[in-house]
Number of protein chains: 4
Amino acid sequence: MSFNTFGKLFRFTTWGESHGVAIGCVVDGCPPGIPLNEADIQLWLDQRRPGASKLTSQRKEPDTVEILSGVFEGKTTGHPISLMIKNEDARPGDYDEIRGKFRPGHADFTYHAKYGIYDYRGGGRASARETACRVAAGAIARKILGAKVKIRAALVQIGPMTIDRKNFDWDQVAKNILFCPDKEAVRPWREALVKIRKEGDSYGGVVEVEATGVSAGLGAPHYAKLDQDIASAMMSIHAAKGVEIGAGFEASSLKGSENADEIRIGNDGPRFLSNNAGGTLGGISTGQPLTARVAFKPTSSILIPQKTIDSSGKETEIITKGRHDPCIAIRAVPVVEAMMACTLADHLLLHRAQCG
Amino acid sequence: MSFNTFGKLFRFTTWGESHGVAIGCVVDGCPPGIPLNEADIQLWLDQRRPGASKLTSQRKEPDTVEILSGVFEGKTTGHPISLMIKNEDARPGDYDEIRGKFRPGHADFTYHAKYGIYDYRGGGRASARETACRVAAGAIARKILGAKVKIRAALVQIGPMTIDRKNFDWDQVAKNILFCPDKEAVRPWREALVKIRKEGDSYGGVVEVEATGVSAGLGAPHYAKLDQDIASAMMSIHAAKGVEIGAGFEASSLKGSENADEIRIGNDGPRFLSNNAGGTLGGISTGQPLTARVAFKPTSSILIPQKTIDSSGKETEIITKGRHDPCIAIRAVPVVEAMMACTLADHLLLHRAQCG
Amino acid sequence: MSFNTFGKLFRFTTWGESHGVAIGCVVDGCPPGIPLNEADIQLWLDQRRPGASKLTSQRKEPDTVEILSGVFEGKTTGHPISLMIKNEDARPGDYDEIRGKFRPGHADFTYHAKYGIYDYRGGGRASARETACRVAAGAIARKILGAKVKIRAALVQIGPMTIDRKNFDWDQVAKNILFCPDKEAVRPWREALVKIRKEGDSYGGVVEVEATGVSAGLGAPHYAKLDQDIASAMMSIHAAKGVEIGAGFEASSLKGSENADEIRIGNDGPRFLSNNAGGTLGGISTGQPLTARVAFKPTSSILIPQKTIDSSGKETEIITKGRHDPCIAIRAVPVVEAMMACTLADHLLLHRAQCG
Amino acid sequence: MSFNTFGKLFRFTTWGESHGVAIGCVVDGCPPGIPLNEADIQLWLDQRRPGASKLTSQRKEPDTVEILSGVFEGKTTGHPISLMIKNEDARPGDYDEIRGKFRPGHADFTYHAKYGIYDYRGGGRASARETACRVAAGAIARKILGAKVKIRAALVQIGPMTIDRKNFDWDQVAKNILFCPDKEAVRPWREALVKIRKEGDSYGGVVEVEATGVSAGLGAPHYAKLDQDIASAMMSIHAAKGVEIGAGFEASSLKGSENADEIRIGNDGPRFLSNNAGGTLGGISTGQPLTARVAFKPTSSILIPQKTIDSSGKETEIITKGRHDPCIAIRAVPVVEAMMACTLADHLLLHRAQCG
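Residues numbered from 1 in each chain as written. Chains lettered and ligands numbered in written order. Predicted model: local features only at pLDDT ≥ 70, side-chain atom pairs only at ≥ 80, totals over all residues. Heavy atoms only, no water.

Some thoughts on the overall build of chain A
Here's step 1: Helix and strand counts for chain A come out as 8 helices and 18 strands.
Here's step 2: Taken over the C-alpha trace, chain A has a radius of gyration of 21 Å; the compact-globule value for 356 residues is 21 Å, and the two agree within 12%.
Here's step 3: With the C-alpha coordinates aligned to their principal axes, the bounding extent of chain A is approximately 65 × 50 × 35 Å.
Here's step 4: Going through the 356 residues of chain A one by one, you find that 68% of them count as buried.
Here's step 5: Considering only contacts within chain A whose residues lie at least 6 apart along the sequence, 71% involve residues at least 24 apart.
Here's step 6: Just so you have it, chain A exposes about 11200 Å², and 50% of that area is on carbon and sulfur atoms.
Here's step 7: When the 45 basic and 41 acidic side-chain charges of chain A are each reduced to a single mean position, those positions are 1 Å apart. (Helix = DSSP H or I, 4+ residues; strand = E, 2+ residues; numbered from the N terminus. Rg over C-alpha atoms; globule rule 2.2 N^0.38 Å. Buried < 20%, exposed > 50% of the residue type's maximum accessible area, 1.4 Å probe, protein only. Contact = heavy atoms within 4.5 Å. Areas by Shrake-Rupley, 256 points an atom, 1.4 Å probe, with all protein chains shown as cover. Lys, Arg positive; Asp, Glu negative; His and termini not counted. Charge placed at Lys NZ, Arg CZ, Asp CG, Glu CD.)

As structure tokens, then:
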């Protein structure tokens, strides 16, 4: 079964292929009376947009969002908000050569296995272009959460290069096109990306995200844990291969006495002396910052020839031309933020339903 | 909102508290005509059961499952299968001392914040005892999947100690009570666990799981990706803090040319030359082994005094007596297997629905 | 697929067969902090219980409910409430004679067609005994709705005999075992029922339900209309064949000018001059009484021989012995009330989620 | 909460307002490989289209559907099918006069009560224009069901005038613009409609629907009964006030011995001697024709002045100008068919999932 809907109460359904007429999503369950216009959404889409530099895909997409429904006289009505983004720089011709060949690391093989049919042009439905819809939905989710909740993400690793955590500064993130929080890392990372692009190869990366200002009490103990749903949201992003909350995998190496976040009373209520938990206990938010890290694999489209087969079952080789990102983790940064926003908005509504 | 239901089509809803009358679950959506009796389920529950050794909790629970509905003349009827496990060794008295104190690392604080009420006895609804229901549901899921699908998990790290992957042998797992696949690691791990228990402390750990024999085609591109749903299922387990698929976080460090799983034609169809993807591409199974790793934090109940507050907001200290596991990751092994089985059974039915 | 779960946010999942060990349900999504004990639920179950008179089934079921989870120190915890009712007067022997024969009007034929297997004893999963679970869940739903919301149902027709609406008096309903609101109708109805029972035959009936005190604003325009969800809830009850809201089928005969509910301002806000709409407009409650009528077919188990076939495809005849109701619509009255309560509780939580 | 999604596995989500840019829907869960183009959908939309005669609304909408995604090289891909219909004859100016006044029988009052905001132009989200999306989705559902399943609906009552059932002839339905199956009734109905339109008033009506060729076995016993889901689907249509399956309300008047559908063996398997059940038993299809009737209230927009209030709470009068149908039940006929098709397609996939 295909399920293109995210969320339980704050829900969005995405549609569209990379080389079709348009992509879009229907956002449902948004509370009424929230001021919303296209500029509110465009702001975030512009962050994600390719073509900004040599370090991301050269595809030129203005990614202009249109609101087709659900807003009346500048406010949400409580009805579905239909958003559409036309595809303007699709060049299906780029893909003639690879028609029928399964690109390693792409969904060509599995779509063919499952559906018996797939749109080979730019990944079709599998294209990371779908993430524009997530960013658009995330813009609305942020409005629901309000100004108190602050969500921000950064790129903390590219290939084998990690930031120096001593230099971590959220204010740096907006100042460089790599969303890197370590001023010192920007230059070597840029150079490495230029080099890998020239080699026709690519790098993976790790994105870190933090949400502050989230009240204690969001989430549910079983099968709708806040950390579970954050993890699920992150793993739904293209090329995500791993996710961790708080201390994450590192917590496995610790003793219970090291990992425990002890509690004191601060000026504004409970104060945790550390945050190995990453802001959740028993699947419910503690009021501390929610923190997660997401691992992205390297871009699968590379210029280095790879062994593969075609849809008739014959062995062949493939080079994936086109206009690709040398490190998709860069453009994943705003997407990770958006998915965090959507998950939190959904849980805010769920909490309000049960606990008033 | 509370959501105690796992799954889309193969679904189970769990209920019950650690120190209540019983725990149980209702398994819904099971195909009809599948031979099923209590022994089929008990087999797997016995693996998870505490009290087996000094290295797990000393709580003595026979964990005897009763089938209350959904089976007629030895076969599933297609109707809900209600399973109940009575609580027989609950000792609520153990918990009088900690009443009202929020145990660090436990859900006491967050349940109190969310619901304004919580059952402090052994974690109440937050207790890992709930995982017995998952294991029971997993036993049914395995029957749906059939003998061709083989799911097995192992403990690959305890605290700072990892296995030597050269020694990895699935056949070792059943031969030691630590579910350890490295024969050489068993003895030092046992000693470390005995020591940490004496110190009143605990260790985290990492569980690795593999499912073989899964056909290509299970999953869906967006918001029901197979790897997303596996990740979500794993992160719904108590104390899970991270999850990765295939090469996982390691993939972030790789180049695209290193990470690519090239494809050739083998005797039985497509053959991948590596499996960094962990058996999924674009959210859909490739037919290769599905592989994942799950990080568990150390047991939060320790005998070392910790700073905390109570429900009236006063600062205090706490020692969590009771009968606790020095490393909960050990008992998580059969739970990880069960959640993998349930996720796959759910996706098998979903795939059948859409693609016939 | 089997779906044994009612509701979106206030949800219950029922399980169990007529002649199994027990039946039960898991109520999920209940707000925390609501005082609840077994007597609160038993009160309503006692109304539905068979064996009360010659006019309902002679099966003697105490229908004693046990709360197995979700309540702590007399209050709901926000976690799943597991309810169990043991089957105590099951007499599977009664059914040996009809084994393998498809009873006309029953689910035997369709269960066999769908699942290839069915429990022929007393209807198995199809038994109206399942409605006890609905009544139990409804008792909890009423607590969520609070005292302001008043739900009451009555039997307004038995076979060809309808009440005289001039005599309609809600206070009469509790005074006779037929839940009849027309004092004058009780005696002739009783006599007709005694007679039809003697003939080995049965009657259908119509139940009318009203909910007052429901605020304006519950419901949603599309696919979760309040009247749609009430209709769906009613049609999920055993033997229901039709449902109408407000003027219902009668509205089809009216002109627009006759059907319109004009609006004036009363002392407490808007006041409608009529209620042909039955309390909803555009799928959302108006604040007027919600009214519905549900048609039930006659009991299918009768002592008059009927032509049928058996599971091997042979033609045969059947007489359904056992202890059956001469008119199931009587016992449907508390079930209709319960389903109304559950639908409203669900929509109350949904409304709170979106509109705060 | 707003829920604009119909269905469990075959699902569609509608969006759009009567006087916005466009309306549309996203159809998800469609099996892959089904031939589909715009003409396949347009065919059914043209039936529903207003402006065809003096007996329906004079709004001139070409209702041209565009497929924006989910179809590749003429076949469904298994991915979401996004459909859009532009609004071309919206005349918001028509509504200035009624701005802020609650039209009796419309959703103005309840939308205002729930959301605090509503689009007064032509009903906004509440407009019956939304049903074009249902018809479009229904066209796809029919393709899934295949040629064996035949769905047809007819208008059997307008205001107080019913057809003579002796004259019932499905072949007549396509021959008159009233979808009337009784040749003799067409002329008097036409005359009555012309008259009521002149009077500025309107009529209600009843639509009957039948699905043949549906295999035994679709549906589920509880909370996803086939008849329950058909009823729910019908009651989700604008202006529907009642629904009945098979003998429906009439069954309430019958004795069990009269209502029973006895079973014999025919040439192609089981043969029922009557169909009072309307094709379902225990919530599951019997293989007989599925039959239902739906009651629609008269169009609420009439030219006769009605008492009402405005959004500031002042008493006033209203006349609803605009281009309205004298009997909306006429145009409901193709919508009823579409909702039947969507319900059956959904249950076909559900059945396949559980029972293979």
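Back to the text.
Regarding helix α1 (residues 38-48) of chain D
All names here are of chain D.
Here's step 1: Every buried residue of α1 is listed here: Ile41, Gln42, Leu45 and Arg48. Along the axis of α1, the buried residues cluster in a sector spanning 110°; they form a single face. Away from its buried face by more than 90 degrees, α1 exposes Ala39 and Leu43.
Here's step 2: The N-terminus of α1 is capped by asparagine 37, whose side-chain oxygen sits 3.1 Å from the backbone nitrogen of alanine 39. (Arc of directions from axis to C-beta. Polar contact = N/O pair within 3.5 Å; in protein donor to acceptor, adjacent residues only side chain to side chain.)

Overview of the relation of the copies chain B and chain C
Here's step 1: If you rotate chain B by 180° and push it 0.0 Å along the axis, it lands on chain C with an RMSD of 0.0 Å. When the rotation and shift are considered jointly, the pair of chain copies conforms to a two-fold rotation axis.
Here's step 2: Comparing contact sets, 100% of the residues at the interface of chain B also lie at the interface in chain C, consistent with an isologous, same-surface contact. (Least-squares fit on C-alpha atoms with pLDDT ≥ 70 in both.)

Let's talk about the interface of chain B and chain A
Here's step 1: Chain B puts 107 residues into the contact, and the matching count from chain A is 108 residues.
Here's step 2: With both sides pooled, the region where chain B packs onto chain A buries about 8300 Å², and carbon together with sulfur makes up 61% of that total.
Here's step 3: Seen at the junction of chain B and chain A, the total is 5 salt bridges.
Here's step 4: The salt bridge partner of lysine 255 of chain A is glutamate 199 of chain B, with a shortest N-O separation of 3.9 Å.
Here's step 5: Along the contact surface separating chain B from chain A lie 53 residue pairs in polar contact (both at pLDDT 80 or more).
Here's step 6: Of the residues belonging to the side of chain B that touches chain A, the class tally is 50 nonpolar, 38 polar and 19 charged.
Here's step 7: Relative to strand β11 (residues 240-245) of chain B, strand β11 (residues 240-245) of chain A is paired through 3 bridges, and the arrangement is antiparallel. The partner of glutamate 244 of chain A across the bridge, within β11 of chain B, is glycine 242 of chain B. (Buried area = accessible area lost by both parts, 1.4 Å probe. Salt bridge = Lys/Arg side-chain N within 4 Å of Asp/Glu carboxyl O. Nonpolar A, V, L, I, M, F, W, Y, C, P; charged D, E, K, R; others polar. Pairing = 2+ DSSP bridges.)

Topic: the packing of aromatic side chains
Here's step 1: Under the defined criterion, the tally for this structure stands at 38 aromatic pairs over all chains.
Here's step 2: With centroids separated by 6.0 Å and ring planes inclined at 70°, the aromatic side chains of phenylalanine 6 of chain A and tyrosine 223 of chain B adopt a geometry described as edge-to-face. Of this pair, phenylalanine 6 of chain A sits in strand β1 (residues 5-6) while tyrosine 223 of chain B sits in the loop between β10 (205-212) and α6 (226-235), placing the two residues on different chains.
Here's step 3: Judged by its relative accessible area of 9%, phenylalanine 6 of chain A is buried.
Here's step 4: Ring geometry for phenylalanine 6 of chain C against phenylalanine 12 of chain C: centres 5.2 Å apart, planes inclined by 25°, an arrangement best described as stacked.
Here's step 5: Here the aromatic cluster, defined as three or more aromatic residues joined through ring pairs, consists of Phe102, Phe109 and Tyr118 of chain A together with Phe272 of chain B.
Here's step 6: Here the basic side chain of lysine 8 of chain C rests over the ring of phenylalanine 3 of chain D, its NZ or CZ set 6.0 Å away from the ring centre.
Here's step 7: Directly above the ring of tryptophan 44 of chain D sits arginine 142 of chain D, whose terminal nitrogen or CZ lies 3.6 Å from the centroid. (Phe/Tyr/Trp six-rings, centres within 6.5 Å; stacked < 30°, edge-to-face > 60°. Lys NZ or Arg CZ within 6 Å of the ring centre and 35° of its normal.)

What about the interface of chain B and chain C?
Here's step 1: Each partner contributes to the interface: chain B provides 42 residues, whereas chain C provides 42 residues.
Here's step 2: Together chain B and chain C conceal approximately 3500 Å² of surface at their shared face, both sides included; 66% is due to carbon and sulfur atoms.
Here's step 3: Contact with chain C buries area across many residues of chain B, yet Phe72, His79 and Ile117 of chain B alone supply 18% of it, more than any other trio.
Here's step 4: Counting every contact that joins chain B to chain C gives 2 salt bridges.
Here's step 5: With a shortest N-O distance of 3.3 Å, glutamate 73 of chain C and arginine 99 of chain B are connected by a salt bridge.
Here's step 6: If you look at where chain B meets chain C, you find 8 residue pairs in polar contact (both at pLDDT 80 or more).
Here's step 7: For the side of chain B that touches chain C, the elements supplying multiple residues, two or more each, are β2 (11-16), β3 (22-28), β6 (75-76), β7 (81-86) and α2 (108-115) of chain B.
Here's step 8: With 5 residues, the single largest contributor to the side of chain B that touches chain C is β2 of chain B.
Here's step 9: Residue composition of the side of chain B that touches chain C, grouped by class: 18 nonpolar, 14 polar and 10 charged.

Considering the relation of the copies chain B and chain A
Mapping between the two chain copies consists of a rotation about an axis together with a translation along that axis.
Here's step 1: For the pair chain B and chain A, the relating rotation is 180°, the translation along its axis is 0.0 Å, and the fit reaches an RMSD of 0.0 Å.
Here's step 2: Of all interface residues in chain B, 100% are interface residues in chain A too; the two copies therefore contact each other through one and the same surface.

A short note on the confidence of the model for chain A
Low-pLDDT portions of the prediction should not be read for the details of their coordinates.
Here's step 1: Confidence in the prediction of chain A, expressed as mean pLDDT, is 93, and 94% of residues score 70 or more.
Here's step 2: Interface predicted TM-score (ipTM) for the complex: 0.96; the corresponding pTM is 0.97. (pLDDT = per-residue confidence, 0-100.)

Points about the sheet that holds strand β8 (residues 150-158) of chain D
Here's step 1: Spatially, β9(C)-β8(C)-β10(C)-β16(C)-β11(C)-β11(D)-β16(D)-β10(D)-β8(D)-β9(D) is the arrangement adopted by the 10 strands of the open sheet, whose pairing is antiparallel. The sheet is open, and its two borders are formed by β9 (161-162) of chain C together with β9 (161-162) of chain D, each paired with just one other strand.
Here's step 2: Across the face of the sheet, helix α4 (residues 183-198) of chain C comes into contact with β8 (150-158) and β9 of chain C while running at roughly 60° to β8 of chain C.
Here's step 3: Across the sheet, helix α5 (residues 183-198) of chain D is in contact with β8 and β9 of chain D; its angle to β8 of chain D comes to roughly 60°. (Axes fitted to C-alpha atoms, helices over the stretch in contact; angles between N-to-C directions.)

What to know about unusual backbone geometry
Here's step 1: We note that glutamate 73 of chain A has phi near 50°; this positive angle belongs to a residue other than glycine.
Here's step 2: Following the sequence through the fold, glutamate 73 of chain A ends up in the loop between β5 (71-72) and β6 (75-76).
Here's step 3: Of note in the backbone geometry, alanine 239 of chain D takes a positive phi value of approximately 75° without being a glycine.
Here's step 4: In this fold, alanine 239 of chain D is placed in the loop between α6 (226-235) and β11 (240-245).

Brief notes about the sheet that holds strand β1 (residues 5-6) of chain B
Remark on secondary structure: sheet strands pair via backbone hydrogen bonds, oriented parallel or antiparallel.
All names here are of chain B.
Here's step 1: Ordered in space as β1-β2-β3-β7-β4, the 5 strands form an open sheet in which the pairing is antiparallel. Sheet topology places β1 and β4 (65-67) at the edges, where each strand pairs with a single neighbour.
Here's step 2: As paired elements, β4 and β7 share 3 bridges and run antiparallel to each other. Bridged to glutamate 66 within β7 is methionine 84.
Here's step 3: On top of the sheet, helix α1 (residues 38-48) reaches β4 and β7; it is set at about 155° to β4, its chief contact.
Here's step 4: Here helix α3 (residues 131-145) sits on the sheet in contact with β2, β3 and β7, set at roughly 30° to β3.

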